[in-house]
Amino acid sequence: MPTLWKNLHPLTHKLNSFGKEPAFVRFWFLPAWVLLGISKLMIRLVTFRRLAPHLGLHNGAVSLTPLLDHKDEYRARQISRAIRMAAAYTPWDSNCFSQAVTARLLLGLYKVPYVLCFGLSRYREAGVLDAHAWILAGRISVTGGNSFETHTVVGAFLSPKLHDLIER
């Protein structure tokens, strides 16, 4: 019996930790997991040209960081947590692009202003380009970290709500 408990202990620990997460994160864990898979599939099957209009409004290489009220900032943190947790348990590679697309969908659903950035970084010793995608909502790095220091922004997509504020 003790060996069975040893084998189940990590699982019970994870379930206890999951139970302590906010209700929003627990609710969105499975849908985020599914959305990560759908995002990965869409990225593989659909050209970027056809996917781009659904990412937000293209703003060239200019990335603006929206200011958020406390409610939207809190929601962005919860969305970030749900996506990071779900990405850790996908059997496929949930890279920065699929996480950013999933975050864009959830932020759009809750009407939280965001900016989705695409950047490039060159590894000097190998001369290799590294592409990265990240999404910001106010001060919150929803996915991909705050990559402005390591990557040069080559494209940015704004949420429609943020774009409307800029146009005024």
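So, a few notes on the structure that sits alongside this text. (Residues numbered from 1 in each chain as written. Predicted model: local features only at pLDDT ≥ 70, side-chain atom pairs only at ≥ 80, totals over all residues. Heavy atoms only, no water.)

Digging into the packing of helix α2 (residues 23–45) against helix α4 (residues 70–88)
And then number 1: Running from N to C, α2 and α4 cross one another at 55 degrees; their axes reach a closest spacing of 8 Å. With respect to each other, α2 and α4 are oriented oblique. Like other packed secondary-structure pairs, α2 and α4 cross with a definite hand, here right-handed. Mapping the contact onto sequence places F24, V25, W28, F29, A32, W33 and L36 in α2 and R75, Q78, I79, R81, A82, I83, M85, A86 and A87 in α4. (Axes fitted to C-alpha atoms, helices over the stretch in contact; angles between N-to-C directions. Helix = DSSP H or I, 4+ residues; strand = E, 2+ residues; numbered from the N terminus. Parallel < 35°, antiparallel > 145°, perpendicular 65-115°, else oblique. Left-handed = near helix turned anticlockwise from the far one by under 90°. Contact = heavy atoms within 4.5 Å.)

A short note on the nonpolar core
Buried together is how nonpolar side chains tend to be arranged in soluble globular proteins.
And then number 1: Grouped together as the largest cluster of nonpolar side chains are 34 residues, with contacts concentrated most on L107, L116 and V142.
And then number 2: Counting only elements with at least two residues in this core, the list comes to α2, α4, α5 (96–109), β2 (115–123), β3 (128–137) and β4 (140–143).
And then number 3: When neighbours within four sequence positions are excluded, L107 is seen to be in contact with A76, I79, V112, Y114, I135 and V142.
And then number 4: In this structure, V115, C117, L136 and A156 belong to the second largest nonpolar core, which totals seven residues. (Core = buried A, V, L, I, M, F, W, Y, C linked by side-chain atoms within 4.5 Å. Buried < 20%, exposed > 50% of the residue type's maximum accessible area, 1.4 Å probe, protein only.)

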